[in-house]
Amino acid sequence: MPEPVTLQLLREWGVPDADGSKKSRGQVVVVGGSRRSPGAPLLSAEAALRVGAGRVGIAVPSAIAPQLGPAMPEAGIYELPVGSDPVDDALCSGLESADAVLLGPGFDDPDSTRAALHAVCDADVGRLVLDAFALGILPSFDRDLLPDDLLINANAEEAELLLERDLGDDRAADILEIARRYRAVVHCFGTVATPDGRCWQAQPGGSGLGTAGSGDVLSGTITGFAARGMDAARASVWGGWTHARAGDRLQERVGIGFLARDLLLELTAVVHES
């Protein structure tokens, strides 16, 4: 049976010390974006900062890169290579120095996503979080090319793609199967599982979280905690719980109809009140 996630458990785990400079609180690089969804990596990047990461970079296709600097002046902006070209020196340095890299938010083409994932793996990334469109290509991607320290953030549809079958009645067993198959820590609607068989279950949050961009905020939240130095399982548990509580706070206050970007300020409040 999964271990229930409670506020007491999270307080026992704690969060990394927030003292020191922005360099000591972790660096994140978010890889994603497309003409159709240029805002997705912005949501993820800001979420990582809102839970305490110190620095963030965003790597996107060159067609949308000029738009993102003014939209998020706190972020460093990188351009993804075209096709199978290698990453340039600036992006390579950013990826290799990152404490956690998130890949997937805003991608909408499997070939581009696959090329970006190969480029990121070639850059020797230490800790990688996969989300959104990246999960659609994962079953056909060579797991040995990916970092050992791998986190997956999946919704129900993406979990079925990873399992290559429908979800069953035992959600924890299904998420454990994904974790073992991909040798990754997996988060799916409040369930977190590890390849060695550990499992936690948190309340996944109210229906208000079912809004465009909410998953991008969630993946950025998990990545932010991962960059701050939490192990993969604790980062996933903390990230899922914080995202859910942020949604609950908004739903209690304003009802259904809040936007994903409204969650961002709530993330910081939830962390500080936990």
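Caption draft 1: Region of interest: the nonpolar core. If you look at the biggest cluster of nonpolar residues, it comprises 52 residues, and the most contacted ones within it are Ile58, Trp200 and Val217. Broken down by element, the residue count for this core peaks at eight residues, all from helix H10 (residues 232-254). Not counting the four nearest positions on each side in its chain, Trp200 is found in contact with Pro2, Glu3, Val5, Leu9, Trp13, Gly190, Thr191, Val192, Thr194, Ala233 and Val237.

Caption draft 2: Quick peek at the environment of Asp17. Residue position: Asp17 is located in the loop between helix H1 (7-13) and strand S2 (27-31). Separated by 23 residues in the primary sequence, Asp17 and Ala40 place their C-alpha atoms 29 Å from one another.

Caption draft 3: Summary view of unusual backbone geometry. Even without a glycine there, the phi angle at Asp124 is positive, about 65 degrees. Mapped onto the elements, Asp124 comes out in the loop between helix H5 (110-122) and strand S6 (127-131). A positive phi is found at Glu164, a non-glycine position, where the angle reads about 60 degrees. Here Glu164 shows up in the loop between helix H7 (156-163) and helix H8 (171-182).

Calculation criteria
Residues numbered from 1 in each chain as written. Predicted model: local features only at pLDDT ≥ 70, side-chain atom pairs only at ≥ 80, totals over all residues. Heavy atoms only, no water. Core = buried A, V, L, I, M, F, W, Y, C linked by side-chain atoms within 4.5 Å. Buried < 20%, exposed > 50% of the residue type's maximum accessible area, 1.4 Å probe, protein only. Helix = DSSP H or I, 4+ residues; strand = E, 2+ residues; numbered from the N terminus. Contact = heavy atoms within 4.5 Å.

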